[in-house]
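Chain residues, written in single-letter form:
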Amino acid sequence: RKEVEQDPGPFNVPEGATVAFNCTYSNSASQSFFWYRQDCRKEPKLLMSVYSSGNEDGRFTAQLNRASQYISLLIRDSKLSDSATYLCVVNAEYGNKLVFGAGTILRVKS
Amino acid sequence: NAGVMQNPRHLVRRRGQEARLRCSPMKGHSHVYWYRQLPEEGLKFMVYLQKENIIDESGMPKERFSAEFPKEGPSILRIQQVVRGDSAAYFCASSPRTGLANSPLHFGNGTRLTVT
């Protein structure tokens, strides 16, 4: 089983739609969770950290379910500029490295 | 405040040559990570370094690959005798302190290595 698993998509949605991505992780001892965004052939950029109580940043909402070991990202009122690959990221069982999921592709169309 | 600087942006090498990739972390960051991204795949951890120390190299191939982060100067990822399978984007990231809770990584633009 992969340490971090994501549905690769692509998710094709119209502008203004609400879209949700899920991610599962295998290490029950993980403490750090993030969503990164990667545009084509560019470096990953931090979108938001994910906190136990859930957190929101504008149109983006992240949730963590420790019991089921999954993380979600909800994007409301999708914009064309949201088109990207969204990476679920979790710290590894040992050491200080972050493990990246393979990413979920989002395409927002007008 | 400059971000993580990587150079070169693009590097072309013939099979058997050596590739040297450089990374200067953000100012004030003493922790450097190297990741590799193959075409159409996710980022794979390679190595984690602090100044003059390799902390975790569990993702480094056993042969031909080495990394260093000297007291002065950038971190270097060195690939000897490159093969076509080494063609990938190599990303460097830095963080200000150990322990990743609430201390996410800041990535450089990456070096795209092409082996011909």
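Check the entry above for the structure.
If you're wondering where the values come from, they're calculated on a predicted model, not measured in any experiment.

*Asks:* Would you take a moment to explain the sheet that holds strand 3 (residues 19-24) of chain B for this structure?
*Replies:* Two pairing modes exist for strands in a sheet, parallel and antiparallel, and in both the strands are linked by backbone hydrogen bonds. Residues and elements named next belong to chain B. Reading across the sheet, the 4 strands line up as 1-3-8-7 and stay open at both edges, with antiparallel pairing between neighbours. Where the open sheet ends on each side, the last strands, each with one partner, are strand 1 (5-7) and strand 7 (65-68). Averaged over all neighbouring strand pairs, the angle between strand axes comes to 15°, with direction disregarded.

*Asks:* Any chance you could explain the interface of chain A and chain B here in plain terms?
*Replies:* Interface size is commonly expressed as the accessible surface area that is lost when the partners come together. Taken together, the contact between chain A and chain B spans 18 residues of the former and 21 residues of the latter. Contact between chain A and chain B buries roughly 1700 Å² in total, counting both sides, with carbon and sulfur atoms accounting for 55%. D56 of chain B is paired through a salt bridge with K97 of chain A; the nearest N and O atoms lie 3.8 Å apart. At the junction of chain A and chain B, the tally comes to 5 residue pairs in polar contact (both at pLDDT 80 or more). Contributions of two or more residues to the side of chain A that touches chain B are made by strand 4 (33-38) and strand 10 (98-100) of chain A. A per-class count over the side of chain A that touches chain B returns 10 nonpolar, 4 polar and 4 charged.

*Asks:* What is the right way to look at the pattern of salt bridges in this model?
*Replies:* Oppositely charged side chains can pair when the atoms bearing their charge come close. All told, the structure shown has 8 salt bridges over all chains when counted by the stated rule. Here D77 of chain A and K79 of chain A are joined by a salt bridge, their closest N and O atoms 2.9 Å apart. Of the residues examined, K79 of chain A reaches a relative accessible area of 33% and is grouped as partly exposed. Two residues, E18 of chain B and R78 of chain B, come together in a salt bridge whose shortest N-O distance is 2.8 Å. Of the two residues, E18 of chain B sits in the loop between strand 2 (10-13) and strand 3 while R78 of chain B sits in strand 8 (residues 75-79), which places them 60 residues apart along the sequence. The partly exposed category is assigned to E18 of chain B, whose relative accessible area is 30%. Each of the salt bridges in this network shares a partner with another, and the network as a whole consists of E18, R20 and R78 of chain B.

*Asks:* Before we go on, may I ask you to explain the state of the cysteines in this structure?
*Replies:* Throughout this description, disulfide means a covalent bond between two cysteine sulfur atoms. Here the structure, examined in full by the defined rule, presents 2 disulfides over all chains. Two residues share a disulfide in this structure: C23 of chain A and C88 of chain A, whose sulfurs sit 1.9 Å from each other. Handedness here is read from the sign of the S-S torsion; for C23 of chain A and C88 of chain A, about -70°, the answer is left-handed. In this pair, C23 of chain A is assigned in strand 3 (residues 19-25) and C88 of chain A in strand 9 (residues 84-91), connecting sequence segments 65 residues apart. No difference in accessibility class separates C23 of chain A from C88 of chain A, as the two residues are buried. Two residues share a disulfide in this structure: C23 of chain B and C92 of chain B, whose sulfurs sit 1.8 Å from each other. Between C23 of chain B and C92 of chain B, the S-S dihedral sits near -55°, and the bridge is therefore left-handed. Here the residue C23 of chain B occupies a position in strand 3, and C92 of chain B occupies one in strand 9 (residues 88-95), the gap between them amounting to 69 residues. Among the residues examined, C92 of chain B registers a relative accessible area of 0% and is labelled buried.

*Asks:* What should I look at first to understand the nonpolar core in this one?
*Replies:* As a rule of thumb, nonpolar side chains are buried together in soluble globular proteins. In this structure, F21, W35, I71, L73, I75, Y86 and L106 of chain A are the most contacted members of the largest nonpolar core, which totals 25 residues. Mapped by element, the contributors of at least two residues to this core are strand 3, strand 4, strand 7 (60-65), strand 8 (70-75), strand 9 and strand 11 (104-109) of chain A. Look past the residues within four positions of I75 of chain A in its chain and what remains in contact with it is A17, T18, V19, F21, R59, F60, D82, Y86 and L106 of chain A. Listed in part, the 23 residues of the second largest apolar core include A19, L49, M60 and L113 of chain B.

*Asks:* Mind showing me how you'd approach the layout of surface pockets here?
*Replies:* Of the volumes computed, that of the largest pocket is approximately 1100 Å³. Q37, L38, E40, E41 and G42 of chain B are, among the 41 residues lining the largest pocket, the residues nearest its centre. Within the residue set of the lining of the largest pocket, elements represented by two or more residues are strand 1 (4-6), strand 9, strand 10 and strand 11 of chain A together with strand 4 (31-37), strand 5 (43-50), strand 9 and strand 11 (111-115) of chain B. Looking at side-chain class alone, the lining of the largest pocket contains 19 nonpolar, 12 polar and 10 charged residues.

What counts as what
- Residues numbered from 1 in each chain as written.
- Chains lettered and ligands numbered in written order.
- Predicted model: local features only at pLDDT ≥ 70, side-chain atom pairs only at ≥ 80, totals over all residues.
- Heavy atoms only, no water.
- Pairing = 2+ DSSP bridges.
- Helix = DSSP H or I, 4+ residues; strand = E, 2+ residues; numbered from the N terminus.
- Axes fitted to C-alpha atoms, helices over the stretch in contact; angles between N-to-C directions.
- Contact = heavy atoms within 4.5 Å.
- Buried area = accessible area lost by both parts, 1.4 Å probe.
- Salt bridge = Lys/Arg side-chain N within 4 Å of Asp/Glu carboxyl O.
- Polar contact = N/O pair within 3.5 Å; in protein donor to acceptor, adjacent residues only side chain to side chain.
- Nonpolar A, V, L, I, M, F, W, Y, C, P; charged D, E, K, R; others polar.
- Buried < 20%, exposed > 50% of the residue type's maximum accessible area, 1.4 Å probe, protein only.
- Disulfide = S-S within 2.5 Å.
- Core = buried A, V, L, I, M, F, W, Y, C linked by side-chain atoms within 4.5 Å.
- 1 Å grid on protein atoms, 1.4 Å probe; cavity = no way out; pocket = protein on both sides within 12 Å on 5 of 7 lines; lining within 4 Å.
- Points joined across faces, edges and corners; volume = space filled by probe spheres on them.

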